[in-house]
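# Structural characterization, general
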Amino acid sequence: FTSKSIVDVKQFKTALDEVRQQGYALDEGGAFDGLSGIAVPVWNASGQVVAGVGVSFITNVVDNDEMKTIIEFIKEAARKIETQLPVITHTNKI
């Protein structure tokens, strides 16, 4: 944990709402001081999150413009993965 780690349930729920709205998660020093991470969900055809794509980087070497570019690249990678996922239908037959 660091001083930026989310340890309060209310704060965690607020952060989750923000992640849902943005379409990605951003962690700036929450796990390790000086290390940031961005992750994007990969959705299947049924609307379930089945994977994630993410990167970590040293916080002070990436500026805001570079971070925006990284986010767009990760989102694009997740969307490409989604188009390659098989459509699986489940039946209750035994």
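First, a word on what this report is: a plain description of the structure on this page. What you see is a predicted model, and the numbers here were worked out from it, not measured in a lab.

### Remarks on the pairing of strand E3 (residues 49-58)
One ladder, built from nine bridges, connects strand E2 (residues 35-43) with E3; its direction is antiparallel. Bridged to Ser 36 within E3 is Phe 57.

### A word on the nonpolar core
The biggest cluster of nonpolar side chains holds eleven residues, and these are Tyr 24, Ile 38, Val 40, Val 42, Val 53, Phe 57, Val 62, Met 67, Ile 71, Ile 74 and Ala 78. The set of elements that each furnish at least two residues to this core consists of E2, E3 and helix H2 (64-84). Take this core: its biggest share by element is four residues, from H2. Excluding anything up to four places from it in sequence, Ile 74 contacts Ile 38, Val 40, Val 53 and Val 55.

Rules of the game
Residues numbered from 1 in each chain as written. Predicted model: local features only at pLDDT ≥ 70, side-chain atom pairs only at ≥ 80, totals over all residues. Heavy atoms only, no water. Pairing = 2+ DSSP bridges. Helix = DSSP H or I, 4+ residues; strand = E, 2+ residues; numbered from the N terminus. Core = buried A, V, L, I, M, F, W, Y, C linked by side-chain atoms within 4.5 Å. Buried < 20%, exposed > 50% of the residue type's maximum accessible area, 1.4 Å probe, protein only. Contact = heavy atoms within 4.5 Å.

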